[in-house]
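The chain contents come next:
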Amino acid sequence: MTALTLHAIRRILDGAIPPTLCSVSADGAPHVNLLSHVEYVDANHVALTFQFLNRSRENILATRRVALMVEDPLSGGSLALHLCYLRTETEGPLFERLRAKLAGIAAHTGMEHVFKLRGADVYEVLAIDPLHSGGATLPILQARCDLAAGARAVSARLAECGDLAGLVQTAMDGLRQDLRVDHAILWLLDEGRQGLYALASTGYAHTGTGAELPLADAGLAGVAVREGVPLRIGHMARMYRYGQTLHQGALDHGLVAGAGAAAIPLPGLSTPCSQLAVPLRARGRTVGALLVESESDQFFGYDDEDALTLLCAQLAQALATLQRADLEAAAPAAPTPPAPTALAGPPLRLRHFRRDDTVFIDDQYLIKGVAGAILWKVANEAQRHGRTDFTTRELRLAGEALRLPDVQDNLGVRLLLLQRRLAEWGGPLQIEKTGRGRFRLVLERTLALSQDDAPA
């Protein structure tokens, strides 16, 4: 019989059925307790969370040997992992990954003050033995698609993208077509305001383009951005409903603010059972996160995590590269052609709130933040000087007026966000690309602008 490898069984380590840990004291007294999950480290090592100073901890430090029983939810078969304790890590990637996973679980259970990671205990796997199976081989879970081939196909198409709009659309289409992921949100980081904003999504009734969340309230995506590591939870239905109940109770008692008239509906499943959040990282910085989710338990596994981590790294680098290319484009904006006829219809009313750059169009909320500041600037140029053609470079030079952050302003992405939000609105004011680093304000009605200092 072929010996079982840790890599081959890593899918059953996630805790669909809680693993059982057995330790023994120095004088031979056994102690058994349940764990939330086991973290796969590499082909020879696993990690367990060290949270409490309890009997198990005493036994582990005394004997350095433990046995771990894990059960396969597909076959009902069990495995015994014989482990040797090596060390406890209190910092570094492994520690951050475990801390992020605990933080993600805590975010959905209201246990933030209970789940505190003291360290990541690393164990060498000495042996893996089948239990109660008569030596039968574990069944192989049929993958929903060839993730490696799918990721390769998406990566090849991303590499050919020459503009931000095409890049984002190619990524979202690839998730659905090649990786069979039906629900996904691309969140980008607003570092200055410590929040996330939705640039694109797929699979929801509301696209949520421009929707915003404070980083601390962004669930798994927020934790993935904060810690810079992927975060995956496979059984979320009960935890999610519990969190929703708590949140509704807080709303009912006035403890948190409800969504105002200016809110853009958030995309997302009402009762997700599985979620995977993967940070977008480039050159040591986190610029956002891709959140994928499903209504099925344990829909995402380690292979999904591997595939999406590679694609998110490529996407983050491409976002930076294409934005830089737009800024470096030397061609000036083309002169605005004269309007052949007067614009018809009543004036389009744009109202701008200076404090947070919120913009309303005809009393309907559109956008805020940097994207709102961009729209207000180009609308003023169009009204005062008749200009409708602009460059990304001139926006960057007006960074102080637009209140761009000193670092990681993602100006090109903010412009794309504004373009997508206007297209979704579908009114008589749009933005279209006219070339590398150039864009045009398309008007079908005259503008009436007003500004307020009070918040929206």
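If you're wondering where the values come from, they're calculated on a predicted model, not measured in any experiment. (Residues numbered from 1 in each chain as written. Predicted model: local features only at pLDDT ≥ 70, side-chain atom pairs only at ≥ 80, totals over all residues. Heavy atoms only, no water.)

Things to note about the nonpolar core
Item 1. By size, the foremost hydrophobic cluster in this structure holds 66 residues, and its most contacted members are Leu280, Leu308, Leu350, Leu375, Leu418, Leu429 and Leu441.
Item 2. Among residues more than four places away in sequence, those in contact with Leu429 are Leu348, Leu350, Leu375, Leu422, Leu441, Val442, Leu443 and Leu447.
Item 3. Judged by nonpolar contacts, the second largest core, of 27 residues, contains Leu189, Tyr204, Ala211 and Leu220. (Core = buried A, V, L, I, M, F, W, Y, C linked by side-chain atoms within 4.5 Å. Buried < 20%, exposed > 50% of the residue type's maximum accessible area, 1.4 Å probe, protein only. Contact = heavy atoms within 4.5 Å.)

A look at helix H6 (residues 219-227)
Each α-helix winds once per 3.6 residues, and so residues spaced three or four apart point in a common direction.
Item 1. Buried residues dominate H6, accounting for seven of its nine residues.
Item 2. Of the residues making up H6, those classed as buried are Leu220, Ala221, Gly222, Val223, Ala224, Val225 and Glu227.
Item 3. Once H6 ends, the next one or two residues include Gly228, with phi positive near 70 degrees. (Helix = DSSP H or I, 4+ residues; strand = E, 2+ residues; numbered from the N terminus.)

Concerning the sheet that holds strand E15 (residues 358-361)
Item 1. Here we have four strands laid out as an open sheet, ordered E16-E15-E14-E20, and mixed in their pairing. Strands at the two margins of the open sheet, each flanked by one partner only, are strand E16 (364-367) and strand E20 (447-452). Going from strand to strand, the sheet's axes swing by 30 degrees on average, the running direction of each strand aside.
Item 2. Both strand E14 (residues 348-353) and E15 contribute to a ladder of four bridges, which runs antiparallel. Along E15, the bridge assignment pairs Arg351 with Phe360. (Pairing = 2+ DSSP bridges. Axes fitted to C-alpha atoms, helices over the stretch in contact; angles between N-to-C directions.)

A closer look at the pairing of E15
Item 1. By the alternation rule, side chains of E15 split into Thr358 and Phe360 and Val359 and Ile361, which are all buried.
Item 2. Joining the antiparallel neighbours E14 and E15 is a turn of four residues, in which Asp357 adopts a positive phi near 60 degrees.
Item 3. Bridging between E15 and E16 involves three bridges; their strand directions are antiparallel. Across the sheet, residue Ile361 finds its bridge partner in E16, namely Gln364.
Item 4. Between the end of E15 and the start of E16, which pair antiparallel, lie two residues, with Asp362 showing a positive phi angle near 50 degrees.

A closer look at the pattern of salt bridges
Item 1. A complete count under the given rule lists 25 salt bridges for this structure.
Item 2. Here Glu432 ties to Arg440 by a salt bridge, and the two come within 3.7 Å at their closest N and O atoms.
Item 3. On the basis of relative accessibility, which here comes to 35%, the residue Glu432 falls in the partly exposed class.
Item 4. Residue Arg440 is classed as partly exposed on the basis of its relative accessible area of 24%. (Salt bridge = Lys/Arg side-chain N within 4 Å of Asp/Glu carboxyl O.)

Description of the packing of helix H4 (residues 147-159) against helix H5 (residues 164-177)
Item 1. Between H4 and H5, the least distance of the axes is 10 Å, while the angle of their chain directions is 165 degrees. One way to sum up the angle between H4 and H5 is to call them roughly antiparallel. The chirality of how H4 crosses H5 is right-handed. Contacts from Val154, Arg157 and Leu158 in H4 reach Leu167, Thr170, Ala171, Gly174 and Gln177 in H5.
Item 2. Of the residues in the contact of H4 with H5, the class split is four nonpolar, three polar and one charged. (Parallel < 35°, antiparallel > 145°, perpendicular 65-115°, else oblique. Left-handed = near helix turned anticlockwise from the far one by under 90°. Nonpolar A, V, L, I, M, F, W, Y, C, P; charged D, E, K, R; others polar.)

Let's talk about the pairing of strand E9 (residues 195-202)
Item 1. With eight of eight residues buried, E9 is to be regarded as a mostly interior element.
Item 2. Here strand E8 (residues 183-190) pairs with E9 via seven bridges, running antiparallel. For Ile185, the partnering residue across the bridge sits in E9 and is Ser201.
Item 3. Remark: four residues form the turn of the hairpin made by E8 and E9, two consecutive strands paired antiparallel; Gln194 in that turn has positive phi of roughly 50 degrees.
Item 4. Looking at chain direction, E9 and strand E10 (residues 212-214) are connected through three bridges and run antiparallel. For Tyr197, the partnering residue across the bridge sits in E10 and is Glu212.

Notes on the confidence of the model for the chain
Item 1. This prediction gives the chain a mean pLDDT of 83; 81% of its residues lie at or above 70.
Item 2. Across the chain, the secondary-structure element scoring lowest on mean pLDDT is helix H7 (residues 237-252), at 44, and the one scoring highest is H5, at 96.
Item 3. A low-confidence stretch, residues 237-251 (pLDDT under 50), is modelled with 21 contacts involving residues beyond four sequence positions or located in other chains.
Item 4. Residue range residues 253-262 is modelled with pLDDT below 50. Its contacts to residues more than four positions away, or to other chains, number nine contacts. (pLDDT = per-residue confidence, 0-100.)

As for H5
Item 1. Taking 1.5 Å per residue as the helical rise, H5 with its 14 residues ought to reach 20 Å, and the 20 Å between its terminal C-alpha atoms agrees with that figure.
Item 2. Capping of H5 at its N-terminal end is provided by Asp163; its side-chain oxygen lies 3.1 Å from the backbone amide nitrogen of Ala165. (Expected span 1.5 Å × (residues − 1). Polar contact = N/O pair within 3.5 Å; in protein donor to acceptor, adjacent residues only side chain to side chain.)

Looking at the packing of aromatic side chains
Item 1. Inspection of every chain in the model, using the stated rule, returns six aromatic pairs.
Item 2. Taking the centre distance of 5.0 Å and the plane angle of 85 degrees together, the rings of Phe299 and Phe300 count as edge-to-face.
Item 3. Since its relative accessible area comes to 27%, Phe299 is described here as partly exposed.
Item 4. A ring pair is formed by Phe390 and Phe439, whose centres lie 5.7 Å apart and whose planes are at 25 degrees; its orientation type is stacked. (Phe/Tyr/Trp six-rings, centres within 6.5 Å; stacked < 30°, edge-to-face > 60°.)

Points about the environment of Leu366
Item 1. In this structure, Leu366 sits in strand E16.
Item 2. Overall, the relative accessible area of 2% leaves Leu366 in the buried class.
Item 3. Between the C-alpha atom of Leu366 and that of Ala263, which follows or precedes it by 103 residues, the distance is 9.1 Å.
Item 4. Look past the residues within four positions of Leu366 in its chain and what remains in contact with it is Ile264, Val359, Phe360, Ile361, Leu375, Leu418, Arg421, Leu422 and Trp425.

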